[in-house]
Amino acid sequence: MSRIRVHAALATLVAMVLFGLFLFKQHTIQIQLLGEQQEIALDTAYRATLETTRRDIESRFRFQVMQADVLGLVARAQHASAQELPMLRGQLYRLLEPVYQEMQDIGLLQFQFHLADDRVLLRFHQPHRSGDTLFSLRPSIRIANTEQRSVHGLEIGRTASGFRYVFPLHQDNKHLGSVELSMPFNHLQTQMNRLLGSGEFALVFDQDRVFSTVDAANRVYYSASIIHPGFLVENPLLATAQQAFGQSDAAVRLQHQLRDNAKVQRLMSGHKSFAISAKDGDQHYMVSFLPVPDLTNKAVAYVIRFEPSNAPVHLFNTLVSSLFVAGLLILLLGILYFYNLRQRLQLQDDIRQRQETEAELSLYANIFKSSGEAIMVTNHENCITEINPSFSRLTGYTEKDVLGRSPSLLASGHTSTETYKTMWAALGEQDFWQGELWDRRKDGSVYPKWTTISAMRTQGVVSHYIASFTNISDRKAAEEKIERLAHHDALTGLLNRYSLELRLEQSLLIARREKLLTAVVFIDLDRFKTINDSLGHQVGDKLLIKVANRLKQRTRDSDIVSRQGGDEFVVVLTGLRQTNDVPHVINAMLLTLSQPYVIDQYSLNCTPSMGVSIFPVDGVDMETLLKNADTAMYHAKEQGRNNVQYFTAEMTQTASERLAIEQDLRHAIQNKEFELYYQPQVCARSRTIVASKH
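The shown structure was predicted, so the numbers you read here are calculated from the model rather than taken from an experiment.

### Details of the overall build of the protein
Helices and strands together make up the secondary structure of the protein, namely 20 helices and 25 strands. Here the protein holds 694 residues, and the buried ones make up 42% of them. Residue pairs in contact within the protein that sit at least 24 positions apart in sequence constitute 57% of those at least 6 positions apart. As displayed, the protein has an accessible area near 37800 Å², and 54% of this comes from carbon and sulfur atoms.

Here you go:
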């Protein structure tokens, strides 16, 4: 019996030890899974925040910075003199100051322009500093200008580190330089807190990376970190943007504890991603470490998150309870077998359910609900399964309206069939498509949207399509306005000089092909300056508008009417078959423009002087025709104004001779080639001395 008792006791003891080891192993696995979940959550939140910030910065760059007048100023700065550069910087600053102020509100750290020859054109955050070089100090700027591609990511700076977004600038396929927009870690911390909930962050930099980038004079902007001797933090007393993380007493005490943890020191030195549990007083924490690469994909920093969590305590209490229960149940070996099996299966099922639940919650809470873009998910049969609140706000459709239905209910009929064919072909070949579509809201209104669609596959088969889109009505309206301003005179609405040249070139091609004539009429208003100076620019502007209206009334839709600037207009008469067609139209224009103009309380007489050149008689290219028409117009001025003069070769000869005489006279004056001789002569009658000039 005693032997049986001993055997039973030994068997019981062995069973308890084995079961205890089993439970401890399960506890270790749970702790490991908990740490992996923390790592995944931090990594997902960090990547999602970086991508969201990148899209926001890229959108602001595309629609607020890439403007024709901005590029024009940067292009002029390429070859501007030292005296012209301050003026250009001032114009650029004033032009983008509202954009800079708006981006400062979201935490912008730096906003600056660089020229392609490695000169800083303008720092909005330090407008007094410019002209220095950054290629050797800032890889992001060097890459953007030498490889001419956009660069984004974390970069260590001399005085402040941040997440840089550097974009090359081009105009007419010519590289002009680059523009940089930088965000501090504070901005990313705020976004990550929205995704992850409560917690504190720290950002530490690898000391070797910092010292290889920052010279000795600027290392004062970094100070030693608490958590590891090989890492630095930005000096809170000198950093450009003071960091608001890791400042609580609990976080400081935790960092001191982790400095003495050999595992933490070893893994941080190897730039490994990991999570570890820690305790401060009665509060337990999960501390997650995420290595962060720089622009060259080298690990240069750690994002550390301190999250209050009672999960380790719960797991430990579960272990103790299980051991207690196991001591009671170990007497029944059969029950113990089934208990162990059930616990094991239940544990695996709980872990799987927890992972699935957390993934689902993260998907819906972080992507759907907080996204500013409308998002729609469809299954493999292209039936809508999920939408987010932004979808309802944009389209007016609720979940009840769309779930189970095809996205074609949004179709407006304004998108071409070819666009849809291209979309489905791209999704089939590349699992991705983005482009512009026109949709119809529930209230019937039509709007344009920019859409991005991705195909999700499971074991190689498409299971879902995820579409995100935004309303681009404002952008389309702005593009149309910019397009009109680029081709039309702002005062009269006529074509400007640029559009005139394009249209005239096209007209000459048609005339050359069809063997037709084209007449170029250069019009200058007589004594317009007197009216403008005496009655004011407001009256002068109204006069120019009336002149433009009369010209449009006297011309055909196929003719070209433009304002060159000031009081000069150019009219191109197209599709003429014989020269006899020209005088009738031009005399009618002369008569119309010569009639009095009633403006406010004034009745004004402002006659035109008109010069005409005809293709191909007076020239076969645009420059020659415009020059000859201008020469004829000046001849009309000399003939007493208010008349029409047709270009002749003698006009060019006369103008050339006059120009030659003027150049010779200027040359003689500059070289002091004139001499004046006086010869005294005695007048026989008055006896006075008269000087004679030779």
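### Things to note about the sheet that holds strand E12 (residues 374–379)
One open sheet accounts for five strands, arranged E13-E12-E16-E15-E14; its pairing is antiparallel. Each end of this open sheet is capped by a strand with a single partner; those strands are strand E13 (384–387) and strand E14 (432–440). Here the strands of the sheet are splayed against their neighbours by 25° on average, with no regard to which way each runs. Sheet topology places E12 next to strand E16 (residues 461–471); six bridges connect them, and they run antiparallel. Paired with Val377 across the two strands is Ile466, which belongs to E16. Docked against the sheet, helix H13 (residues 417–430) engages E14, strand E15 (446–458) and E16, running at close to 150° with respect to E14.

### So, the packing of aromatic side chains
In this structure the tally under the stated criterion is 16 aromatic pairs. Note on Phe61 and Phe167: the rings are 4.3 Å apart at their centroids and 10° apart in plane angle, and the pair reads as stacked. On the criterion of sequence distance, the pair formed by Phe61 in helix H1 (residues 2–65) and Phe167 in strand E4 (residues 162–171) is long-range, its members being 106 residues apart. Phe167 carries the same exposure label as Phe61, and that label is buried. Put simply, the rings of Tyr93, Tyr100, Phe111, Phe113 and Phe124 pair up and form one aromatic cluster. Taking the ring centre of Phe469 as reference, the NZ or CZ of Lys449 above it sits at 3.7 Å.

### Some details on unusual backbone geometry
The omega torsion of the bond from Phe615 to Pro616 falls at 5°, within 30 degrees of zero and hence cis. Along the chain, Pro616 turns up in the loop between strand E22 (608–615) and helix H19 (622–638).

### Overview of the packing of helix H2 (residues 68–78) against helix H3 (residues 84–104)
Contact geometry for H2 and H3: axes closest at 10 Å, N-to-C directions at 165°. Our classification of the angle between H2 and H3 gives roughly antiparallel. Remark: the crossing between H2 and H3 carries left-handed chirality. Only Leu85, Met87, Leu88, Gln91, Leu92, Leu95 and Leu96 of H3 make contact with H2, whose side of the interface consists of Asp69, Val70, Leu73, Val74, Arg76 and Ala77.

### Focus on helix H5 (residues 185–196)
When the terminal C-alpha atoms of H5 are compared, their 16 Å separation across 12 residues agrees well with the 16 Å that a helix rising 1.5 Å per residue should span. Within H5, burial applies to Phe185, Asn186, His187, Leu188, Gln189 and Met192. A positive backbone phi angle near 90° is found at Gly197, which sits one or two residues after H5.

### Some details on the pattern of salt bridges
In the structure shown here, the tally under the stated rule is 29 salt bridges. Between Asp43 and Arg47 there is a salt bridge whose closest N-O contact spans 3.0 Å. Residue Asp43 and its partner Arg47 are located together in helix H1, separated by four residues, close to a single helical turn. In this structure, Lys442 and Asp401 form a salt bridge, with 3.0 Å as the shortest nitrogen-oxygen distance. Note that Lys442 is positioned in the loop between E14 and E15 and Asp401 in helix H12 (residues 399–402), a separation of 41 residues in sequence. Salt bridges here are not isolated pairs; linked through shared partners, they connect Glu51, Arg54, Arg55, Glu58, Arg62 and Glu373.

### Brief notes about the side chain of Arg89
With respect to the helices and strands, the residue Arg89 is situated in helix H3. Despite being buried, Arg89 has no salt bridge partner; Asp132 is the closest side chain of opposite charge, sitting 8.7 Å away. With near-sequence residues (within four places) excluded, Arg89 lies in contact with Leu121, Leu122 and Ser130.

### Things to note about the sheet that holds strand E1 (residues 110–115)
Taken in spatial order, the five strands make up an open sheet running E2-E1-E5-E4-E3, and their pairing is antiparallel. On the outer flanks of this sheet lie strand E2 (119–123) and strand E3 (151–155), each paired with one strand and no other. Geometrically, the sheet is characterised by an average inter-axis angle of 25° between neighbouring strands, direction not taken into account. Against the sheet, H2 touches E1, E2, E4 and strand E5 (174–183), its axis set at about 80° to E4.

### A few points about the pairing of strand E8 (residues 231–234)
In this structure, strand E6 (residues 200–206) lies alongside E8, joined through two bridges in antiparallel fashion. The partner of Phe205 across the bridge, within E8, is Leu232. Note: strand E7 (residues 222–224) against E8, three bridges, orientation antiparallel. Bridge pairing in E8 links Tyr222 to Glu234. As consecutive antiparallel partners, E7 and E8 are separated by six residues.

### Some details on the confidence of the model for the protein
Across the protein, pLDDT averages 84, with 89% of residues at or above 70. Ignoring residues within four places in sequence, the model shows residues 241–246, a span with pLDDT below 50, making 20 contacts including any to other chains. Predicted confidence is poor over residues 683–694, with pLDDT under 50, and the contacts of this stretch with residues over four places away or in other chains come to 20 contacts.

### Some thoughts on the environment of Arg497
Position of Arg497 relative to the elements: it lies in helix H15 (residues 497–514). Separated by 65 residues in the primary sequence, Arg497 and Ser562 have C-alpha atoms spaced 7.0 Å apart. Excluding residues that lie within four positions of it along the chain, Arg497 makes contacts with Arg563 and Gln564.

### Describing the nonpolar core
Membership of the largest hydrophobic core comes to 51 residues, with the highest contact counts inside it found for Leu92, Phe111, Phe113, Leu121 and Val303. Counting residues per element, this core draws most heavily on H3, which supplies seven residues. Those residues in contact with Phe111 that sit more than four places away from it in its chain are Val65, Leu96, Tyr100, Met103, Leu122, Arg123, Phe124, His125, Val179, Glu180 and Leu181. Counting residues in each nonpolar core, the second largest holds 32 residues, with Ile523, Val561, Phe569 and Leu593 among its members.

Reading the values: rules and limits
- Residues numbered from 1 in each chain as written.
- Predicted model: local features only at pLDDT ≥ 70, side-chain atom pairs only at ≥ 80, totals over all residues.
- Heavy atoms only, no water.
- Helix = DSSP H or I, 4+ residues; strand = E, 2+ residues; numbered from the N terminus.
- Buried < 20%, exposed > 50% of the residue type's maximum accessible area, 1.4 Å probe, protein only.
- Contact = heavy atoms within 4.5 Å.
- Areas by Shrake-Rupley, 256 points an atom, 1.4 Å probe, with all protein chains shown as cover.
- Pairing = 2+ DSSP bridges.
- Axes fitted to C-alpha atoms, helices over the stretch in contact; angles between N-to-C directions.
- Phe/Tyr/Trp six-rings, centres within 6.5 Å; stacked < 30°, edge-to-face > 60°.
- Lys NZ or Arg CZ within 6 Å of the ring centre and 35° of its normal.
- Parallel < 35°, antiparallel > 145°, perpendicular 65-115°, else oblique.
- Left-handed = near helix turned anticlockwise from the far one by under 90°.
- Expected span 1.5 Å × (residues − 1).
- Salt bridge = Lys/Arg side-chain N within 4 Å of Asp/Glu carboxyl O.
- Lys, Arg positive; Asp, Glu negative; His and termini not counted.
- pLDDT = per-residue confidence, 0-100.
- Core = buried A, V, L, I, M, F, W, Y, C linked by side-chain atoms within 4.5 Å.

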